[in-house]
Amino acid sequence: MEPYRIKVVEPIPVTTRAQREQALRRVHYNLFGLRADEVTIDLLTDSGTGALSAAQWSAGMAGDESYAGSRSFYHFQEVVHGLTSYPYVLPVHQGRAAERILFSALLPPGKITLSNTHFDTTRANVELAGCRAVDLPCPQAGDLDSDEPFKGDIDLHRLAEALRGPDASRIALVVMTLTNNGEAGQPVSMDNLARTASLCREHSVPLFLDAARFAENAWLVTRHEAAFRDMSPRQVAEQAFRLADGCLMSAKKDGIVHIGGFLGLRDRALAERCELLLIATEGFPTYGGLAGRDLDMIALGLTEVTEPCYLQARADAARHLARLTREAGIAIVEPPGLHALYLNAGRLLPHIPAHRFPGHALACQLYLEGGIRSVELGSLYLGSEDENGAPVTAAPYELVRLALPRRTYGLSHLNRVGEVLAATVKNKERIPGYRLVEQPPLLRHFRSKLEPVQG
């Protein structure tokens, strides 16, 4: 059972199929454009969509809104330092602000960053700095059906080759994403993280964690890595942070809040450069673009998120939805993580070629069938076409992510998702592909316009 009881409720929008068809046409078949009141069950993202605890709401009411030196900041700083051990903590309004500030301070044009997989905004901020982002996922990540527990690991062999290779002098940073969202939310083992840290120290390259889902990663480590089975998720997380030179954190995930994040740093000189950028673009260092109440809520969220009963319930919910999805006849990326399920749309819809975006097609159909909003992680997200619309590159896999907001939906909601998945599969041969009508030059999946293509 969920380890909490309901204190406040919010009505769920229920729409007709005709209304959903009209809504999709209006937003040019881009689910990001839908109004929230047009969505029945919103699995678009787990970022900032969770439910706050009574303790967090209470802390928010006591927040200190002083411009400089608020007690809320010092509470926040104490909690983050205790968790991460980083002496310099800079609050920001969300994770991508931490990315922009760090990369502006650390990455001159022409440099290279390496990662197990860069998240989409991480890659965009690297490229906006005039640098190149290179992903080095482990070989096991390529087998979507394998039960290998740590498919989020970085490829240590390729990492060592890069750090010793002809472009070694251009490598400015290694980023480890925990869990690896770009590789279907798969976790990183502590062994792999420790070996990565050793290689980075050997070659004097800083190692940073993209720690948005650090607690979920720690939970999976305690389940699957023998050396850590007798440790708590909090203890594993503390060890992970201590292996790195700093971290980027979107608290909208494992901070269980609606807004906020931070940049944690060990190096004083780098912290001073980042602080100047923070003041110029986000706010004074003791609020960083956040209200005092936000800082207090993050501090509590970072404590609540490592509680084993909370993480166990989250894992149970993901496992339950995974079972319903398999029973509907849809393959997922195995094993299921905690924050999302990743549906194998390419396998389900073989009649739709990559340049007609089978993942996006499945996501649109789930909305039409039952008002469920999800997101494509396939060739719309990662592919490219020439000026005539012919495919140039395709994603390695055509996936749809069903993200699970924290403490928001119960088992009956997940059962409804299972019903919609089963209904979608019954008419899968009739699902159309899509073509791009208009797209921006960067992060196109957020603002593209599309239309269905029959045949």
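This report concerns the structure included in the present document.

Parameters and conventions
The numbers attached to residues start from 1 for each chain and follow its sequence in the written order. At least 70 in pLDDT is required for a residue's local features to be given in this predicted model, at least 80 for side-chain atom pairs to be given and counted, and no such filter applies to totals for whole chains, interfaces and linings, which use all residues. For the side-chain quantities, the full set of heavy atoms in the structure was used; hydrogens and water were omitted. Here, nonpolar core refers to any group of buried Ala, Val, Leu, Ile, Met, Phe, Trp, Tyr and Cys residues whose side-chain atoms link them within 4.5 Å. Exposure classes here rest on a 1.4 Å probe applied to the protein chains alone. A residue is buried below 20% of its type maximum, exposed above 50%, and partly exposed in between. Segments assigned H or I by DSSP are reported as helices when at least four residues long, segments assigned E as strands when at least two residues long, and all are numbered from the N terminus. Any pair of residues with heavy atoms lying within 4.5 Å of one another is described as a contacting pair. A carboxyl oxygen of Asp or Glu within 4 Å of a side-chain nitrogen of Lys or Arg is what we treat as a salt bridge.

**A few points about the nonpolar core**
For step 1, the next point in the chain: The biggest cluster of nonpolar side chains holds 60 residues, and the ones touching the most others in it are Leu-114, Leu-209 and Phe-214.
For step 2, the next point in the chain: The greatest single-element share of this core, amounting to six residues, is contributed by helix α8 (residues 214-224).
For step 3, the next point in the chain: If sequence neighbours within four positions are ignored, Leu-209 has contacts with Tyr-86, Met-176, Leu-178, Leu-193, Ala-240, Phe-241, Ala-244, Gly-246, Cys-247 and Leu-248.
For step 4, the next point in the chain: Core analysis: the next-biggest nonpolar cluster, separate from the first, contains 44 residues, Val-39, Ala-322, Leu-341 and Tyr-409 among them.

**Remarks on unusual backbone geometry**
For step 1, the next point in the chain: With an omega dihedral of -15 degrees, the bond running from Leu-178 to Thr-179 counts as a cis peptide bond.
For step 2, the next point in the chain: Along the chain, the position of Thr-179 falls in the loop between β5 (171-177) and α7 (190-202).
For step 3, the next point in the chain: One non-glycine residue, His-28, adopts positive backbone phi at about 55 degrees.
For step 4, the next point in the chain: Tracing the sequence through the fold places His-28 in the loop between α1 (17-26) and β1 (41-42).
For step 5, the next point in the chain: Non-glycine residue Ser-204 carries a positive phi angle of around 55 degrees.
For step 6, the next point in the chain: Relative to the elements of secondary structure, Ser-204 occurs in the loop between α7 and β6 (207-210).

**What to know about the pattern of salt bridges**
For step 1, the next point in the chain: On inspection of all chains with the given rule, the structure shows 27 salt bridges.
For step 2, the next point in the chain: A salt bridge links Asp-46 to Arg-406; the nearest nitrogen and oxygen atoms lie 2.9 Å apart. Note that Asp-46 is positioned in the loop between β1 and α2 (54-61) and Arg-406 in the loop between β14 (399-403) and α16 (411-426), a separation of 360 residues in sequence.
For step 3, the next point in the chain: Given the relative accessible area of 1%, Arg-406 is considered buried.
For step 4, the next point in the chain: Salt-bridge contacts for Asp-135 lead to Arg-123; the nearest nitrogen and oxygen are separated by 2.3 Å. With Asp-135 in strand β4 (residues 132-135) and Arg-123 in helix α5 (residues 120-128), this residue pair connects regions lying twelve residues apart in the sequence.
For step 5, the next point in the chain: Three or more residues joined by partner-sharing salt bridges are found here, namely Asp-46, Arg-213, Glu-216, Asp-254, Arg-314 and Arg-406.

Such coordinate-based values are descriptive only and should not be taken to indicate function.
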